[in-house]
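Take a look at the letters that make up each chain.
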Amino acid sequence: MTHRATLALGAAFAAGLLATPVVTPVHAQDATCGGLDRPVVFGGLDYGSAAFHTALARTILDEGYGCATDVIPGATLVLHQGLPRGDIDIIMEVWTANPAQAFVDAEADGTVERLGATFPDASEGWFVPRYLVEGEGAPAPELRSVDQLADYKELFEDPEEPSKGRFLNCVAGWQCEVVNTKKLIAYGLDDDYSNVRPGTGAALEAAVESAVLRERPVLFYHWAPTALVGKYDFIKLEEPAYDEATWSAMMEAEEPDAATAYPDTRVVIGANTEFTEAAPELEAFLQAYGTTAAQTSKALATMADPDVSPEDAAMAFLRDNRDTWQAWVPEEVAVNVGEAIAE
């Protein structure tokens, strides 16, 4: 996703993490684990979906394969630098549409590789609540596409500038904010809509949730998987199908005259190749691993409750999606995990 690299630029958080790692071990079990005689080390990316998938993979390795696992927390750029060095073995989310340059370089050198798709269908776009366009009394039953938005600016009225509609953009300073601003111009909506840029991701989600809870109109940018998309029912407005040439021209122009939808992104597992060579059984598991953005959003919606940890969400996923995860592992591993989640 285009905003991930920007998230990673929290330099104050990232600086020096690998030099003084914080390690969170789970209980050690057998001395060996798929050919290893040491813990499997995960890169603990600093956002929810990655925390969930890290917890899910760790639980299967711990309970199913008899592994011990450690986590080194950090931001994207730092962890991608540590992966080829062998400081960590696995990163559960590599966003292939915009991967960190350190990962690209290491992949070319053969020190890291891509394994299974954590989820192949990460997406971004402009959304409205379903209650605006469907159901009895829906105020905009015809609204399906961004090219109709000029006709609906009164529905999305900006209270601070009533002559315009209000568009909740991406967070100021994220790449997606730049993209959406260009799209407003390209779609001819910059005179019809106020371009509101929240200061944080939490502020964006709070503004949307406040409108939804009151069943008010709201037009906003968002991405999936996220807790917000998992918790509420939204419609993503149609845009012209993604076209690389159109996208490039849009990004190069100050005032573009054409735009295109965001590309869907395949998010994969990244692994150090020395690790995969040493532990082929674990490589096979990680190669088979795979969920969907919808499944991940559902897990994130449960994690919005402060009493629900990523580990809690992982256990719930294992109980509720047996057909999914049992396809990733040999039968004996599935039995071990099944016994653990039954406790």
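Up top you'll find the structure we're talking about.
Quantities reported herein were computed from a predicted structural model and do not represent experimental measurements. (Residues numbered from 1 in each chain as written. Predicted model: local features only at pLDDT ≥ 70, side-chain atom pairs only at ≥ 80, totals over all residues. Heavy atoms only, no water.)

**Remarks on the overall build of the protein**
- Per the secondary structure count, the protein includes 15 helices and ten strands.
- For a compact globule of 343 residues, the expected C-alpha radius of gyration is about 20 Å, and the protein comes in at 22 Å, within 12% of that figure.
- A principal-axis box enclosing the C-alpha atoms of the protein has dimensions of 70 × 45 × 35 Å.
- Counting all 343 residues of the protein, 50% fall into the buried class. (Helix = DSSP H or I, 4+ residues; strand = E, 2+ residues; numbered from the N terminus. Rg over C-alpha atoms; globule rule 2.2 N^0.38 Å. Buried < 20%, exposed > 50% of the residue type's maximum accessible area, 1.4 Å probe, protein only.)

**Some thoughts on the packing of helix 3 (residues 48-65) against helix 11 (residues 280-288)**
- Relative orientation of the contacting elements helix 3 and helix 11 amounts to 135°, with a least axis distance of 12 Å. In terms of orientation, helix 3 lies oblique with respect to helix 11. The hand of the helix 3/helix 11 crossing is right-handed. Taken together, the residues of helix 11 that come into contact with helix 3 (itself represented by Ala-57, Ile-60, Leu-61 and Tyr-65) are Glu-281, Leu-282 and Phe-285.
- For the contact of helix 3 with helix 11, a count of residues per class yields six nonpolar, no polar and one charged. (Axes fitted to C-alpha atoms, helices over the stretch in contact; angles between N-to-C directions. Parallel < 35°, antiparallel > 145°, perpendicular 65-115°, else oblique. Left-handed = near helix turned anticlockwise from the far one by under 90°. Contact = heavy atoms within 4.5 Å. Nonpolar A, V, L, I, M, F, W, Y, C, P; charged D, E, K, R; others polar.)

**A few points about the state of the cysteines**
- Taken as a whole and judged by the stated rule, the model has two disulfides.
- Between Cys-170 and Cys-176 runs a disulfide, and the two sulfur atoms are separated by 1.9 Å.
- Since its relative accessible area comes to 0%, Cys-176 is described here as buried.
- In the protein, the cysteines engaged in disulfides, taken in order along the sequence, are linked 1-2, 3-4. (Disulfide = S-S within 2.5 Å.)

**Things to note about a negative patch on the surface**
- Judged by side-chain charge, Asp-190, Asp-191, Glu-254 and Glu-255 come together as a negatively charged surface patch.
- For Glu-255, the location among the structural elements is in the loop between helix 9 (244-252) and strand 10 (265-272).
- Given a relative accessible area of 67%, Glu-255 falls into the exposed group. (Patch = residues over 30% accessible without salt bridge, like charges linked within 9 Å, V, L, I, M, F, W, Y side chains within 5 Å. Areas by Shrake-Rupley, 256 points an atom, 1.4 Å probe, with all protein chains shown as cover. Salt bridge = Lys/Arg side-chain N within 4 Å of Asp/Glu carboxyl O. Lys, Arg positive; Asp, Glu negative; His and termini not counted. Charge placed at Lys NZ, Arg CZ, Asp CG, Glu CD.)

**Focus on the nonpolar core**
- Formed by 41 residues in total, the largest nonpolar core has its most connected members in Trp-126, Val-128, Leu-143, Leu-149, Phe-156 and Tyr-193.
- Sorting the residues of this core by element identifies strand 4 (112-129), strand 6 (161-168), helix 6 (175-186), helix 7 (201-213), strand 8 (219-224), strand 9 (234-236) and helix 9 as the ones contributing at least two each.
- Contact partners of Val-128, with chain neighbours within four places excluded, come to Val-133, Leu-143, Phe-156, Val-218, Leu-219, Phe-220, Phe-234, Ile-235 and Leu-237. (Core = buried A, V, L, I, M, F, W, Y, C linked by side-chain atoms within 4.5 Å.)

**A closer look at the pattern of salt bridges**
- This model, assessed by the stated rule, comprises eleven salt bridges.
- Ionic pairing is found between Glu-177 and Arg-197, a salt bridge with its closest N-O pair at 2.6 Å. With Glu-177 in helix 6 and Arg-197 in the loop between strand 7 (193-196) and helix 7, this residue pair connects regions lying 20 residues apart in the sequence.
- Among the ionic pairs, Lys-231 bridges to Glu-209, the shortest N-O distance being 2.9 Å. With Lys-231 in helix 8 (residues 227-231) and Glu-209 in helix 7, this pair connects stretches of sequence that are 22 residues apart.

**Thoughts on unusual backbone geometry**
- In this chain, Ala-224 is followed by Pro-225 through a cis amide linkage whose omega measures 15°.
- Within the secondary structure, Pro-225 is located in the loop between strand 8 and helix 8.

**Topic: the pairing of strand 6**
- Judged from the two bridges that link them, strand 5 (residues 157-158) and strand 6 form a sheet pairing that is antiparallel. In the sheet register, Glu-157 faces strand 6, and the bridge partner there is Gly-165.
- What sits between the antiparallel neighbours strand 5 and strand 6 is a turn of two residues.
- Of the pairings in the sheet, the one linking strand 6 to strand 7 comprises four bridges and is parallel in character. Directly across from Phe-167, in strand 7, lies its bridge partner Asn-195.
- Pairing of strand 6 with strand 8 involves two bridges; the strand directions are parallel. Paired with Leu-168 across the strands is Phe-220, a residue of strand 8. (Pairing = 2+ DSSP bridges.)

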